[in-house]
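Working through the structure, step by step
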Amino acid sequence: MNRIVIAAAALALLTPSAAWSMGQQAKKGPTVHTFTAPEDAFLVSSYAFESDGEILLVDAQMVKPQVDKLIEQVKKIPGKVTTIYITHAHPDHYLGLPWLKTAFPQAKIVADADTVDRIAAEGAQTLAWFQKDFMNGQLASVLPTSVVTPEKLTGNKLKVGSAEIEILSFADAEAKGAHALWHAQTGSLITGDLAFNKVHLWLKETKPEGWIKAIEALEKMPVQKVYPGHGEPGGKEILASNKSYLQAFDAAVKSSKDGAALAKTVKESNAGWRVAPIVDFAVPTYFSAPAEGTATDAKDGVKTETKTDSKTESKSDAKPGAKSDAKSDAKSESKTDAGKADAKKTGAK
Ligand SMILES: [Zn+2]
């Protein structure tokens, strides 16, 4: 299933003539082009924010087939890629950078300092794990051979053509260090993994509380369009749906007797949300015993934990992988068992 969504294609066709008809002072408004990977690539979304012949590319995908498709789509957009921005240090959002760097050598590759520090600290180890251990190395042929660490951005603004984008930062949301891009003039919010559209939320690295606060802050803004980190763009209802999911997940953690019950409740109460194995990956953050009948083993071949104590409220931070999607999760699991000290050492700031 190869799904390429170019969300604003129609607008892109219409806008020049509309601007022309408004007279010479009218400028073409910015356009956000969307690329969403298929479900087996976790529906990771990348965006091309285009303004006045300049393009800001947001998030890099992970596996070569998807990065290739992203590059192909971006090259069809009139304009020059001047900047590539990485929203957070999860591998599904930055491992594709080497190919983007080759395709757009003139672009500055940037991220906020916490993202950069974490990629610098964990990137090579994360990549090596995916190459050798994840699915017994079956993904190696579609993974890069090196990690590109972005440069640290100074300030909280990005300029694209005549558009100015503000970076909104949260220390504790889907990741410990989550950033969204806000274009006030159009009410466009590129959320990174602060929001998913009908894709199960990654609650492996952090607990719902901080993420809920972040979404509440975003909900106060005059958002017109939400461009999520996983799944397709939509309206502000995406934020509301994520908040409801997080609140229900939090309640399910408290009411469930074990991990299996938690996974069952979350999946049943969010029917229609995609990439269900994400829930199974999150469960050990809340209950040390693995959920029965989860897809975890089948999917990645990584042994689940076998501890039998009940809740492990303090474990969520000890995850080096702490990466986003199911893939990184599997990694964190293996790391958690292998060496918690290392995990803590390399954890996000
Ligand atoms: Zn992600």
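One can find the structure itself at the top, above this paragraph.
Below is a short write-up of the structure.

Conventions we followed
- Residues numbered from 1 in each chain as written.
- Predicted model: local features only at pLDDT ≥ 70, side-chain atom pairs only at ≥ 80, totals over all residues.
- Helix = DSSP H or I, 4+ residues; strand = E, 2+ residues; numbered from the N terminus.
- Buried ≥ 20, exposed ≤ 12 C-beta atoms within 10 Å, placed from the backbone.
- Contact = placed C-beta atoms within 7 Å.
- Axes fitted to C-alpha atoms, helices over the stretch in contact; angles between N-to-C directions.
- Parallel < 35°, antiparallel > 145°, perpendicular 65-115°, else oblique.
- Left-handed = near helix turned anticlockwise from the far one by under 90°.
- Nonpolar A, V, L, I, M, F, W, Y, C, P; charged D, E, K, R; others polar.
- Pairing = 2+ DSSP bridges.

Some details on the overall build of the protein
Looking only at helices and strands, one finds 12 helices and 11 strands in the protein. The buried share of the protein, taken over its 349 residues, is 50%. Counting contacts in the protein only where the partners sit at least 6 residues apart, residues at least 24 apart contribute 69% of the total.

Notes on the packing of helix α7 (residues 237-255) against helix α8 (residues 259-269)
Between α7 and α8, whose axes approach to 9 Å, the crossing angle comes to 150°. When the axis of α7 is compared with that of α8, the two are roughly antiparallel. Seen from above, α7 lies across α8 with right-handed handedness. Of α8, the residues touching α7 (which contributes Ala248, Phe249, Ala252 and Val253) are Leu262, Thr265, Val266 and Ser269. In terms of residue class, the contact of α7 with α8 is built from 6 nonpolar, 2 polar and no charged.

What to know about the environment of Gly161
Looking at the element boundaries, Gly161 is found in the loop between β7 (157-160) and β8 (163-170). Residue Gly161 is classed as partly exposed on the basis of its C-beta count, with 19 C-beta atoms lying within 10 Å. Along the chain, Gly161 and Ile55 lie 106 residues apart, while their C-alpha atoms are 7.8 Å from each other.

Focus: the sheet that holds strand β5 (residues 108-111)
Working definition: the strands of a sheet are paired by backbone hydrogen bonds and lie parallel or antiparallel to each other. Taken together, the 6 strands give an open sheet; going across it, the order is β1-β2-β3-β4-β5-β6, and neighbouring strands pair in mixed fashion. Taken across any chain shown, the strands that pair with only one partner, and hence form the sheet edges, are β1 (31-36) and β6 (151-152). Each of β1, β2 (45-51), β3 (54-58) and β4 (80-86) is contacted by helix α2 (residues 64-75), which is oriented at about 155° to β1, the strand it contacts most.

A few points about helix α9 (residues 277-286)
For an α-helix, 3.6 residues make a turn, and residues three or four places apart therefore share a direction. Burial of α9 is extensive: 10 of the 10 residues sit out of reach of the surface. Here α9 has its buried residues at Pro277, Ile278, Val279, Asp280, Phe281, Ala282, Val283, Pro284, Thr285 and Tyr286.

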